[in-house]
Amino acid sequence: MAETREFKTEVQQLLQLMIHSLYSNRDIFLRELVANAADAIDKARFESLTDTTLARDWQIRLNIDKEAKTLTITDNGIGMTSDEVAANIGTIAKSGTKEFIKALAEKGETADMPELIGQFGVGFYSAFMVASKVELNTKKSGSDAPAVCWRSTGEGSYELDCSDRTEPGTEIKLFLKDDAEIYLEEWKISEIVRKYSDFIAYPVVLPSKKVNEDKTETVEDRVLNSQKAIWLRKPSEITDDEYKSFYSHLSNYGGTEYLKAIHMAAEGASEFKALLFLPKQAPFNLLMPDIQKKGLQLYIKRMFITDECKELLPDYLRFACGVVDSSDLPLNVSREILQQNPLLDKIRTAVTSKLISEMKKLLENSREDYEKFFTEFGKILKEGLHTDRINCEKIKDIVLYESMNTPAGKFITLKEYVEAMPESQKDIYFITGDKRSAVASSPALEYYRSKGYDVLFMTDPIDEWVMQTMFQYLQKSFKPVTKGDFEDKESEDKVKAAGEKYSKLVDFLKTTLEDKVSVVRFSGRLTESPCCLIVDGSALPPHMERLFKAMHQEVPVSKRIFELNCDHPLIDAFNTKLENGENPETLKKFANTLYNQALLLEGSPLDNPVEFASTITELLSNALK
Ligand code: ADP
Ligand code: MG
């Protein structure tokens, strides 16, 4: 008995987009349905490893009926129960759907629909780009659950019904729209399959007419795809298009553009072959750890085992995707037990080294591409500096930073930094902050600029965390320029003298700014600005404090060190006013204004901007009188 159910709102929106789509490349609906069929067979085949009665002649069949104007895609894979149909096809559990709809709505007609469909994993619904009605019959493999029929015209609701299907697997019948009759042509169907699904590991069969010698016609099964596992083939024999379609099949980055395809063939202790890809563009969900797929696909002797094998790839390389095909892992054990196999560690070690060395090659040979790549994925790669004790030296060779001497958006390597160091420079200097514009104007850079030393700009939130354990590179120590004590032999005497000469001023500032700063002192750090704020060696830097506050987290309030420039005329003038007994209220205003200026320069918000503005107005009016 048929039962009608409503689609979830999101699905309805999605279907509206599909039904009315004017997108040019509708061919990809077949890629999606064949991919689903292959996934379903992967699952059934995996179960048949432990229950051999389930083994069968795995196959995906396509059937064209020109009279009825239907195209049918049938697999003998895992199938679905009635509940599974409702869950998988009637609702969309995946959170990507919302983003998909949003992305389409934003990009409108210019959006590349096929790229987006792949990226967001909403493949089944693409059938409605070409079909006015879809009928799905399915029976769950290895179960007594009755077969079910699902049908829909994509307009708001779908019907669930009994089905007379007896074989395990799924059959999807598309009633083609008038403008989609091209998909009734054998040549068109075989062209699409060869283009997008050639590497699918099961035969995709199309019964095809054959004209015999005596002019009679017979129908014969024709296998459309070569089924060659692309990772087992010689790189020289793989075309660009083949790499591209395999990449789009593998990655959840959407699209077919990758930066580099990397083949590996390991022999010895653990024998495996791999095909890995470095991506070009970050997907929308790169930094959402829950949604982002991680790991590599694992095959054992060409048999698909699992999709997201985390054991094969460290987290900080999660932007890479690919396939590993091992010849010495055991086939007939459960995935859970398999994942504890020490051979996986060996493979991960090899894959990690390979990816790092390939990135290094890119850096050396195609700098521009690597810089673009690093802009997208550098934040993630840098996690490895902290988490991968074994490879962190190698990762140091391939991370990039902007610096005081680079133009915005251009990078240098640590090696380039060290090579450019003047002889008098002993350490590697860096400044942390949340963006280039904030760190580039910091008064703390003045001294280094005057000395001709470069300062690395560390403006990713992760840098702060990484620098807690990154101490040295090529035997040079990393030193933050806005933290802790400033050591400089040349200005030592001058600083000491200023401290004595202006001791009254220092005391006055200390009392006035008591709530805000822990120490007031002179230093040789400044050459242009009158003053700046410095972080105590152990305290949280100001941009991290802001970050935590933005996340509504409790942060310990850390008072900063207020440093003064001994040579600045303003300091001397201030001191004179103080000694001449100027009105204490006015002096306090001077002190607060200086402090607020220093806050502005480090990019921190003012405690009381209104008060600051009115003080400035007052000071200006007096000066202009
Ligand atoms: P995805 O393949 O990314 O999960 P789809 O929209 O293509 O998204 O498919 C949705 C779900 O429907 C699949 O995850 C699967 O559970 C189910 N499904 C689709 N086609 C088949 C099929 N031929 N056999 C079994 N299950 C299927
Ligand atoms: Mg799919």
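This text follows the structure it describes.
Attention in this report is confined to the structure presented alongside it. These figures come from a predicted structure and were not determined experimentally.

**Side note on the overall build of the chain**
Okay, so step 1: Helix and strand counts for the chain come out as 22 helices and 23 strands.
Okay, so step 2: Here the C-alpha radius of gyration of the chain, 33 Å, is well above what a compact globule of 625 residues would show, namely 25 Å.
Okay, so step 3: In terms of overall dimensions, the chain has C-alpha extents of about 115 × 55 × 40 Å along its principal axes.
Okay, so step 4: Within the chain, buried positions represent 51% of all 625 residues.

**Overview of the pattern of salt bridges**
Okay, so step 1: Taken as a whole and assessed by the stated rule, the structure comprises 40 salt bridges.
Okay, so step 2: For Glu 3, the salt bridge is made with Arg 5, and the minimal N-O distance between the two is 3.0 Å.
Okay, so step 3: Assessed through its relative accessible area of 38%, Glu 3 is described here as partly exposed.
Okay, so step 4: The exposure class assigned to Arg 5 is partly exposed, which follows from its relative accessible area of 28%.
Okay, so step 5: Between Lys 577 and Glu 582 there is a salt bridge, and its shortest N-O distance comes to 3.6 Å.
Okay, so step 6: A relative accessible area of 39% places Lys 577 in the partly exposed class.
Okay, so step 7: Via salt bridges that share partners, Glu 135, Arg 151, Glu 159 and Asp 161 belong to a single interconnected network.

**Quick notes on the pairing of strand β20 (residues 476–480)**
Okay, so step 1: Pairing of strand β17 (residues 428–432) with β20, which is carried by three bridges, proceeds in the parallel orientation. The residue of β20 that forms the bridge with Ile 428 is Phe 478.
Okay, so step 2: Strand direction decides the pairing type here: strand β19 (residues 472–473) and β20, joined by two bridges, are antiparallel. Across the sheet, residue Tyr 473 finds its bridge partner in β20, namely Lys 476.
Okay, so step 3: Counted along the chain from β19 to the antiparallel partner β20, the turn is two residues long, and its residue Leu 474 has a positive phi close to 45 degrees.

**Here we look at the sheet that holds strand β21 (residues 517–523)**
Okay, so step 1: In spatial order, the strands read β21-β23-β22; together these three strands make up an open sheet with mixed pairing. Across the chains shown, the open sheet's two edge strands, defined by having one partner strand only, are β21 and β22 (531–534). Taking each pair of neighbouring strands and ignoring which way they run, the sheet shows an average axis angle of 25 degrees.
Okay, so step 2: For β22 and strand β23 (residues 560–565), the ladder comprises four bridges, and the chain directions are antiparallel. Opposite Leu 533, over in β23, you have Phe 562 as the bridge partner.

**Here's the deal with the packing of helix α21 (residues 584–601) against helix α22 (residues 609–624)**
Okay, so step 1: It is at 10 Å that the axes of α21 and α22 come closest, and there the two elements cross at 120 degrees. It follows that α21 is oblique to α22 by the angle criterion. Regarding α21 and α22, the two cross each other, and that crossing is left-handed. Side by side, α21 and α22 meet where Lys 589, Phe 590, Thr 593, Asn 596, Gln 597 and Leu 600 of the first sit next to Phe 612, Thr 615, Ile 616, Glu 618 and Leu 619 of the second.
Okay, so step 2: The residue makeup of the contact of α21 with α22, split by class, is five nonpolar, four polar and two charged.

**Looking at the environment of Leu 313**
Okay, so step 1: Inspection of the secondary structure puts Leu 313 in the loop between β13 (303–309) and β14 (321–326).
Okay, so step 2: Separated by 230 residues in the primary sequence, Leu 313 and Asp 83 have C-alpha atoms spaced 35 Å apart.
Okay, so step 3: Here Leu 313 is in contact with Gly 295, Leu 296, Arg 318, Ala 320, Arg 348, Val 351 and Leu 355, once residues within four sequence places are set aside.

**Things to note about helix α9 (residues 342–365)**
Helical periodicity: at 3.6 residues per turn, an α-helix aligns residues three or four positions apart in one direction.
Okay, so step 1: In this model α9 runs 35 Å from its N-terminal to its C-terminal C-alpha over 24 residues, within 8% of the 34 Å that 1.5 Å per residue would give.
Okay, so step 2: Regarding α9, the residues found buried are Leu 343, Leu 344, Ile 347, Val 351, Thr 352, Leu 355, Ile 356, Glu 358, Met 359, Leu 362 and Leu 363.
Okay, so step 3: Taking the backbone nitrogen of Leu 343 as reference, a side-chain oxygen 2.8 Å away marks Asn 341 as the first, capping residue of α9.

**Here's the deal with the packing of α9 against helix α10 (residues 367–381)**
Okay, so step 1: The contact between α9 and α10 brings their axes to 8 Å, and the two run at 140 degrees. Our classification of the angle between α9 and α10 gives oblique. Read as a crossing pair, α9 and α10 show a hand that is left-handed. Across from Met 359, Leu 362, Leu 363 and Asn 365 in α9, the residues of α10 making contact are Arg 367, Tyr 370, Phe 373 and Leu 381.
Okay, so step 2: Here the contact of α9 with α10 is composed, by residue class, of six nonpolar, one polar and one charged.

**With respect to the environment of Asp 369**
Okay, so step 1: Summarising the element assignment, Asp 369 is placed in helix α10.
Okay, so step 2: The class of Asp 369 is partly exposed, set by a relative accessible area of 35%.
Okay, so step 3: Through-space distance from the C-alpha of Asp 369 to that of Lys 280 is 8.8 Å; in sequence the pair is 89 residues apart.

**Notes on unusual backbone geometry**
Okay, so step 1: The phi torsion at Lys 215 lies on the positive side, around 70 degrees, for a residue other than glycine.
Okay, so step 2: By the secondary structure assignment, Lys 215 is in the loop between β8 (204–211) and β9 (217–223).
Okay, so step 3: According to the relative accessible area criterion, Lys 215 is exposed, its value standing at 71%.
Okay, so step 4: Phi at Gln 475 takes a positive value of approximately 60 degrees, unusual for a residue other than glycine.
Okay, so step 5: Position of Gln 475 among the secondary structure elements: in the loop between β19 and β20.
Okay, so step 6: For Gln 475, a relative accessible area of 72% translates into the label exposed.

**What to know about the side chain of Ser 197**
Okay, so step 1: Counting through the fold element by element, Ser 197 comes out in the loop between α6 (186–196) and β8.
Okay, so step 2: Apart from residues no more than four positions distant in its own chain, Ser 197 is found in contact with Arg 31, Val 34, Ile 192 and Asn 225.

**Observations concerning the sheet that holds strand β16 (residues 412–413)**
Okay, so step 1: The sheet built from six strands is open, its strands ordered β16-β15-β18-β17-β20-β19 with mixed pairing. Strands with a single pairing partner mark the edges of an open sheet, and in this sheet they are β16 and β19.

**Side note on the packing of aromatic side chains**
Okay, so step 1: The final tally for this structure, using the stated rule, is 31 aromatic pairs.
Okay, so step 2: Aromatic side chains Phe 124 and Tyr 125 sit 5.6 Å apart centroid to centroid with 85 degrees between the ring planes, which places their arrangement in the edge-to-face category.
Okay, so step 3: Looking at Phe 124, the relative accessible area reads 9%, which means it is buried.
Okay, so step 4: Under the relative-accessibility criterion, Tyr 125 is labelled buried at 3%.
Okay, so step 5: A ring pair is formed by Phe 508 and Phe 574, whose centres lie 6.3 Å apart and whose planes are at 75 degrees; its orientation type is edge-to-face. Linking Phe 508 in helix α18 (residues 503–512) with Phe 574 in helix α20 (residues 569–579), this pair joins segments that are 66 residues apart in sequence.

**Notes on the pairing of strand β2 (residues 60–65)**
Okay, so step 1: Of the pairings in the sheet, the one linking β2 to strand β3 (residues 70–75) comprises six bridges and is antiparallel in character. For Asn 63, the partnering residue across the bridge sits in β3 and is Thr 72.
Okay, so step 2: Here β2 folds back onto β3, and the loop between the two strands holds four residues, one of which, Lys 69, carries a positive phi near 55 degrees.

Calculation criteria
Residues numbered from 1 in each chain as written. Chains lettered and ligands numbered in written order. Predicted model: local features only at pLDDT ≥ 70, side-chain atom pairs only at ≥ 80, totals over all residues. Heavy atoms only, no water. Helix = DSSP H or I, 4+ residues; strand = E, 2+ residues; numbered from the N terminus. Rg over C-alpha atoms; globule rule 2.2 N^0.38 Å. Buried < 20%, exposed > 50% of the residue type's maximum accessible area, 1.4 Å probe, protein only. Salt bridge = Lys/Arg side-chain N within 4 Å of Asp/Glu carboxyl O. Pairing = 2+ DSSP bridges. Axes fitted to C-alpha atoms, helices over the stretch in contact; angles between N-to-C directions. Parallel < 35°, antiparallel > 145°, perpendicular 65-115°, else oblique. Left-handed = near helix turned anticlockwise from the far one by under 90°. Contact = heavy atoms within 4.5 Å. Nonpolar A, V, L, I, M, F, W, Y, C, P; charged D, E, K, R; others polar. Expected span 1.5 Å × (residues − 1). Polar contact = N/O pair within 3.5 Å; in protein donor to acceptor, adjacent residues only side chain to side chain. Phe/Tyr/Trp six-rings, centres within 6.5 Å; stacked < 30°, edge-to-face > 60°.

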